[in-house]
Structure formats: structure tokens, C-alpha cells
Amino acid sequence: MPLPYYVSPEQMMKDKAEYARKGIARGRSIVTLEYRDGILLVAENPSSLLHKVSEIYDRIAFAGVGKYNEFENLRIAGIRHADVKGYSYSRGDVTAKALANAYSQALGNIFTQDIKPFEVEVLVAEVGDANGSKSEIYHILYDGTIEDEHNYAAMGGQADEIRRFLKDHYHDGMGLDESLQLGVRALSVTQNKTLSERDLEVAVLDRTKERRKFRRIPPEALSQLLGTAG
Amino acid sequence: MNEDHRLHPFHDYTNSSFVELLRRQSPHLLPGGTASGGPEVPHGTTVLAMRYRDGVIMAGDRQATAGYQVASRRIEKIFKADDLSGVGIAGAAGPAMEMAKLFQTELEHYEKVEGDNLSLEGKANKLGQMIRMNLQAAMMGLAVVPIFAGFDEKSGVGRLFKYDITGGRYEERDYDAQGSGSKDARDSLKKLWKRDMGRDEAMRTALEALIDAADEDVGTGGPDLVRGIFPTVKTITRSGYGDVADDEIRRMCEAILAERTKTGNGG
């Protein structure tokens with residue numbers, strides 16, 4: 001049996017990180033914004049069937065960028081975690097924090113132990129309720145790094161530019177239409193085309209809704225909100 | 001071996017089932033098993049479902065009975081399964097409520113994983129399988145026999161299903177009732193039910209049947225004017241699962257009782 005070549009751990013981690021970052025940079029981006037009635041998720045996604053944004057539990061949503069099969073696996077794992085936990089305790093005991101920690105652990109393990117790291121970033125958002133509990137947004141990177149974000153978050157290929165743009169333009173108390181327009185402008189900040197409703201996948205966690213807060217916004221409603229209808 | 005592993009997603013057709021997930025991961029959370037119950041265990045009494053013009057109506061009394069005692073006066077027996085279907089429970093109340101909760105989670109889990117709803121037929125079959133899981137406990141006196149009803153988007157009509165303790169599934173065309181007062185409720189529906197009833201008439205028919213069941217069956221609770229407890233009524237139509245407000249039910253119950261007092265019928 002030939003001996004494997006020696007590669008220093010430092011070099012190995014660097015190579016893996018670079019590989020994952022390259023994979024993620026190829027993909028399109030997602031932005032998340034808090035608005036008056038909840039949390040808005042806007043993804044640039046030309047497919048109306050393969051989702052990047054989806055429902056996990058009553059007040060929790062998931063978004064993923066990068067390799068579809070990898071974040072799809074993570075999404076289903078998240079739904080399983082949430083449903084089993086909610087079934088064995090109570091629905092109120094399912095939290096974004098526990099879920100984000102599980103994602104962080106899983107991605108961290110994969111990054112250190114597997115030959116190929118996951119080329120994904122995921123976001124877990126939980127909307128606060130009307131009586132003052134805060135909304136939470138967690139952003140988890142390919143190596144398990146976890147950050148909690150306030151007011152807005154961006155991930156994917158051009159996340160840095162988008163984040164800078166949001167930093168300058170975000171303000172509290174926006175309505176759904178205003179925050180959606182801002183989100184779309186943020187996504188197109190690095191491109192020289194304007195995004196139409198056909199290029200977008202949009203969903204909200206709407207705290208005014210009963211139990212399940214997640215709601216997709218269909219293209220017709222989208223063009224109305226963007227002011228491009230008619 | 002290796003090939004098997006890579007093609008795993010094709011073989012794992014239970015991928016979107018919550019019940020199968022529990023079976024794999026946490027079998028102790030599954031209902032069923034060998035527990036035995038006597039008459040002291042609370043039993044739900046009468047639930048019914050019937051078709052009407054816009055879909056289906058489900059209704060149930062509010063009493064749980066343990067032997068000759070009232071175990072609870074306020075339990076709810078009609079549960080929302082998802083936006084377009086509901087399940088009414090009769091039999092041992094504990095396992096039945098657990099089953100309703102598991103069924104709700106199953107449907108929601110499927111919807112979230114697949115991004116699509118199960119067909120009404122698929123939901124009805126799944127509930128049958130869950131009742132079969134409970135067969136061992138059912139033989140020891142903890143039978144659960146629900147009614148399942150919903151709006152079928154494909155055919156655009158309301159449909160209802162009844163079950164036996166082995167999980168046998170039978171589709172009923174017009175109406176059915178389940179539980180200790182079910183025979184009386186069915187007899188009542190047999191005379192009152194008509195095709196294409198409007199919402200109000202259908203609601204009234206459902207309440208008449210429940211009041212008849214409470215009249216004849218000691219386990220079934222009638223409208224309780226003293227405590228202000230009235231039967232539950234739910235409508236399931238194209239536009240979703242809807243509650244009927246307590247006030248409306250109260251008014252209708254009072255009207256039925258007043259009429260019976262006046263005519264001396266069923267008094």
C-alpha cells in the first residue's frame with residue numbers, strides 16, 4: 001500500500017475552504033430583511049419549482065445557497081429535527097437557535113472530516129411574535145461558522161457588496177413593498193440588469209398569520225408589490 | 001453494496017413520512033404497544049361527518065366518558081388535519097388524541113418535505129395505516145375509530161371515510177357517525193339528511209343528530225346551557241377548514257330545543 005502524501009493540516013483546511021468558497025461564489029445570492037410584520041426572504045432563482053427558501057416550522061424558515069442537493073439535504077434534516085422536537089415536547093419548544101446550532105455542528109463535522117466540504121451557506125430565520133419577542137436570523141457558513149445577524153443578512157456569490165448596499169439603505173419599520181423593493185435592488189447591485197418577478201423567489205414569515213407564519217408570494221402578487229404590474 | 005448506498009434515495013420512498021421517521025429514530029414516541037385499558041379510561045363519544053353543498057361538515061359532542069362517570073365536559077373531538085381535511089375521534093380519548101396529533105404532523109411533514117400536499121385518498125390511506133399500528137392496544141380495550149373527512153381538490157367535492165379498529169377504510173357517500181351515540185346520530189341523519197343542503201340547513205341537521213344522540217346515549221353530552229358548552233361544528237370547503245363560532249352554534253341549539261319543547265317532540 002503506498003503511503004499517502006503528507007499535507008499539513010493548515011494547508012488542507014485552506015484548500016477546503018477555498019474550494020467551498022469558489023463553489024458558493026458561482027451561485028446566485030439571497031437577501032433577508034426584517035420588515036414591519038416579520039421577515040422577508042428574497043432569492044434570485046429562475047426556477048419556480050426548485051426552491052431555495054422554504055418552511056421549516058411554525059415561525060422558522062430556511063434558505064440555502066450553493067449546491068442544490070447539499071442544501072436540500074440540510075433542509076430536510078432541519079424539518080425532521082423540528083417536527084420530532086415539536087411532536088415530543090410542544091410546538092413552542094422548537095427554536096431557530098437550536099436548529100442553527102445543529103446546522104453549525106453538522107457543517108463543521110463535514111468540513112473537518114469529509115474529503116469534500118459542502119459548498120453551501122444556509123440561513124435560519126425565526127420571526128418574533130407580536131408581543132415584543134425579537135426576530136432572529138442565523139447565518140451558517142460551509143465550515144460551521146455561525147453568526148447571528150440583525151435586521152438584514154445576505155449570502156451567496158456577491159454577499160459582500162449586497163451587505164454593504166443594505167448597510168447604507170436599510171431602515172427600521174419598512175412595509176412589505178418597500179422592503180421587497182430594497183431587497184431586489186440589493187440583489188441587482190452587482191449586475192447590470194434589473195431583476196423581474198420571474199427571476200425571483202420570495203417568501204415571508206408573516207407574524208400576523210395564524211400558527212404557520214411562512215407564506216410564499218406568488219409572481220402576480222410580486223409584480224404588484226414591486227410596482228411593475230399592468 | 002456501494003451501488004446500493006448511492007441509489008439509496010430511490011429506495012427510500014418513506015423519505016417524506018413523519019411516522020417512518022419516528023419508527024427509525026425514536027420508536028418510543030410512536031403510539032400503540034401493549035397498554036391495556038378498562039372502562040375507567042376516558043372515551044370520546046359521538047362524532048359525525050356529512051356532505052353538503054360546499055363540502056363536508058364535521059361535528060362532535062364535547063363529553064368524554066369513563067365508565068359511568070363524566071371524565072371531561074369540554075374536550076374537542078374534531079381536529080384540523082390540514083387546510084382541507086379534518087379528523088373526528090371516537091374511542092379511547094388518550095390514544096385517539098395522540099393519533100390525531102401524529103396525523104397532523106404527518107401531513108404537515110409531507111407537505112414541507114415534498115412542497116406539495118398529499119391527495120385526499122393518500123391522507124385517508126395513511127390514517128388507516130396508523131389505526132392498524134394501534135391494533136394491539138385496540139384488542140386490549142383502547143380502540144381508536146376516527147372519521148376522516150375533507151375536500152377533494154381533484155374532484156371538487158367533499159368526501160368522508162370511516163374506519164374499523166383493524167385500519168379497514170370505508171368511504172361513505174353521504175354521512176356517517178362514530179362512537180357510542182353513533183347509531184342514534186345515524187338514525188337521525190337518515191331522516192334529515194338531504195342532497196345539496198346549504199350551510200345553515202346542514203349545520204342544523206348535524207346538531208339535531210347530536211342532540212338525538214345525547215338524548216338516547218348516556219355517554220354523549222348534549223348542549224349544556226348552564227355551563228355554556230355546545231357541540232363543535234367545523235366546515236371544510238374549497239376555501240379551507242373553518243370554525244363555526246360558538247355563538248352561532250348556541251343560537252341554533254337553542255332554536256332546536258325550543259322547537260322540541262313547543263312540539264313535544266323528543267322532549
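As shown above, the structure is provided for reference.
Below you will find a few notes about this structure. Quick caveat, the model's predicted, so the values are computed rather than measured.

## What about the overall build of chain B?
Along chain B, the regular secondary structure elements total 9 helices and 14 strands. Taking 267 residues into account, the globule formula puts the C-alpha radius of gyration at 18 Å, and chain B, at 19 Å, falls close to it. A principal-axis box enclosing the C-alpha atoms of chain B has dimensions of 80 × 40 × 30 Å. By residue count, 48% of the 267 residues in chain B fall in the buried class. Restricting the contact set of chain B to residue pairs at least 6 apart, pairs at least 24 apart contribute 70%.

## A look at the overall build of chain A
Counting secondary structure elements, chain A contains 6 helices and 10 strands. The C-alpha atoms of chain A give 18 Å as radius of gyration, which agrees with the globular expectation for 230 residues (17 Å, within 12%). Seen through its principal axes, chain A has C-alpha atoms that stretch 70 × 50 × 30 Å. Within chain A, buried positions represent 42% of all 230 residues. Taking all contacts inside chain A whose residues are at least 6 apart in sequence as the whole, residues at least 24 apart take part in 65%.

## As for the sheet that holds strand β9 (residues 147-152) of chain B
All names here are of chain B. Spatially, 5 strands are ordered β6-β7-β9-β10-β11 in an open sheet, and the strand pairing comes out antiparallel. Two strands lie at the open edges of the sheet, namely β6 (78-82) and β11 (169-172), each paired on one side alone. For this sheet the average axis-to-axis angle between neighbouring strands, irrespective of direction, equals 25°. As defined by bridge partners, β6 adjoins strand β7 (residues 85-88) across 4 bridges and the pair is classed as antiparallel.

## Quick notes on the packing of helix α2 (residues 68-88) of chain A against helix α3 (residues 18-25) of chain B
Where α2 of chain A contacts α3 of chain B, the axes come no closer than 11 Å and their chain directions differ by 80°. Taken together, α2 of chain A and α3 of chain B sit at an angle that is classed as roughly perpendicular. Contact residues: α2 of chain A offers R80, D83 and V84 of chain A, while α3 of chain B offers F18, L21, L22 and Q25 of chain B. In the contact of α2 of chain A with α3 of chain B, the residues fall into 4 nonpolar, 1 polar and 2 charged.

## Structural notes on the interface of chain A and chain B
Counting residues at the interface gives 9 residues for chain A and 11 residues for chain B. If you tally residues by element for the side of chain A that touches chain B, the top one is α2 of chain A, at 7 residues. Tallied by class, the residues present in the side of chain A that touches chain B amount to 4 nonpolar, 2 polar and 3 charged.

## Some points on the packing of helix α8 (residues 199-216) of chain B against helix α9 (residues 246-263) of chain B
Residues and elements named next belong to chain B. The interhelical angle for the contact between α8 and α9, taken along N-to-C directions, is 60°, at an axis separation of 10 Å. Considering the angle they form, α8 stands oblique to α9. Judged by the twist between their axes, the crossing of α8 over α9 is right-handed. Across the interface between the two elements, M203, R204, L207, E208 and I211 of α8 pack against M252, C253 and I256 of α9.

## Description of the nonpolar core
The tendency in soluble globular proteins is for nonpolar side chains to be buried as a group. Ranked by internal contacts, the top residues of the largest apolar core, which has 131 residues, are L41, V42, A61 and V124 of chain A together with L48, I57 and A206 of chain B. For this core, the element with the highest residue contribution is helix α4 (residues 93-114) of chain B, accounting for 10 residues. Setting aside anything within four residues of it in sequence, one finds L41 of chain A in contact with I30, T32, V53, A61, A63, A125, V202 and A203 of chain A.

## Observations regarding the sheet that holds strand β8 (residues 152-155) of chain A
Across a sheet, paired strands are connected by hydrogen bonds in the backbone, their directions being either parallel or antiparallel. All names here are of chain A. Taken in spatial order, the 5 strands line up as β8-β1-β2-β9-β10 in an open sheet, and their pairing is antiparallel. Two strands close off the open sheet at either side, each with one partner strand: β8 and β10 (214-216). Across this sheet, the average inter-strand angle for adjacent strands is 15°, counted without regard to direction. The sheet contact formed by strand β2 (residues 38-44) and strand β9 (residues 200-206) spans 7 bridges and is antiparallel. What sits directly across from A43, in β9, is E201. Helix α4 (residues 159-169) contacts β1 (30-35) and β8 of the sheet and is inclined by roughly 160° relative to β8.

## Things to note about the pairing of β9 of chain B
All names here are of chain B. Of all the 6 residues making up β9, 5 are buried; the element is thus mostly covered by neighbouring parts of the structure. Where β9 lies against strand β10 (residues 157-163), 6 bridges are found, and the strand directions are antiparallel. What sits directly across from F151, in β10, is G158. Here β9 hands over to β10 after 4 residues, with G156 in that stretch at a positive phi of 70°.

## Concerning helix α7 (residues 182-192) of chain B
All names here are of chain B. Restricting attention to buried positions, one finds in α7 the residues S182, D184, A185, S188 and L189. Taken end-on, α7 shows its buried residues confined to a sector of 160°, consistent with a single buried face. Away from the buried face of α7 by more than 90 degrees, exposed residues K190 and K191 are located. Taken together, the buried residues of α7 touch β2 (47-52), β12 (175-178) and α8.

## Considerations on the environment of R59 of chain A
Residue and element names in this part refer to chain A. In this structure, R59 sits in the loop between β3 (53-57) and β4 (60-66). A residue is classified by how many C-beta atoms lie within 10 Å of it, and R59, with 29 of them, is buried. Separated by 154 residues in the primary sequence, R59 and K213 place their C-alpha atoms 5.4 Å from one another. Each residue touching R59, except ones within four places of it in the same chain, is listed here: E126, V127, L205 and K213.

Reading guide: rules and limits
Residues numbered from 1 in each chain as written. Chains lettered and ligands numbered in written order. Predicted model: local features only at pLDDT ≥ 70, side-chain atom pairs only at ≥ 80, totals over all residues. Helix = DSSP H or I, 4+ residues; strand = E, 2+ residues; numbered from the N terminus. Rg over C-alpha atoms; globule rule 2.2 N^0.38 Å. Buried ≥ 20, exposed ≤ 12 C-beta atoms within 10 Å, placed from the backbone. Contact = placed C-beta atoms within 7 Å. Pairing = 2+ DSSP bridges. Axes fitted to C-alpha atoms, helices over the stretch in contact; angles between N-to-C directions. Parallel < 35°, antiparallel > 145°, perpendicular 65-115°, else oblique. Nonpolar A, V, L, I, M, F, W, Y, C, P; charged D, E, K, R; others polar. Left-handed = near helix turned anticlockwise from the far one by under 90°. Core = buried A, V, L, I, M, F, W, Y, C linked by C-beta atoms within 7 Å. Arc of directions from axis to C-beta.

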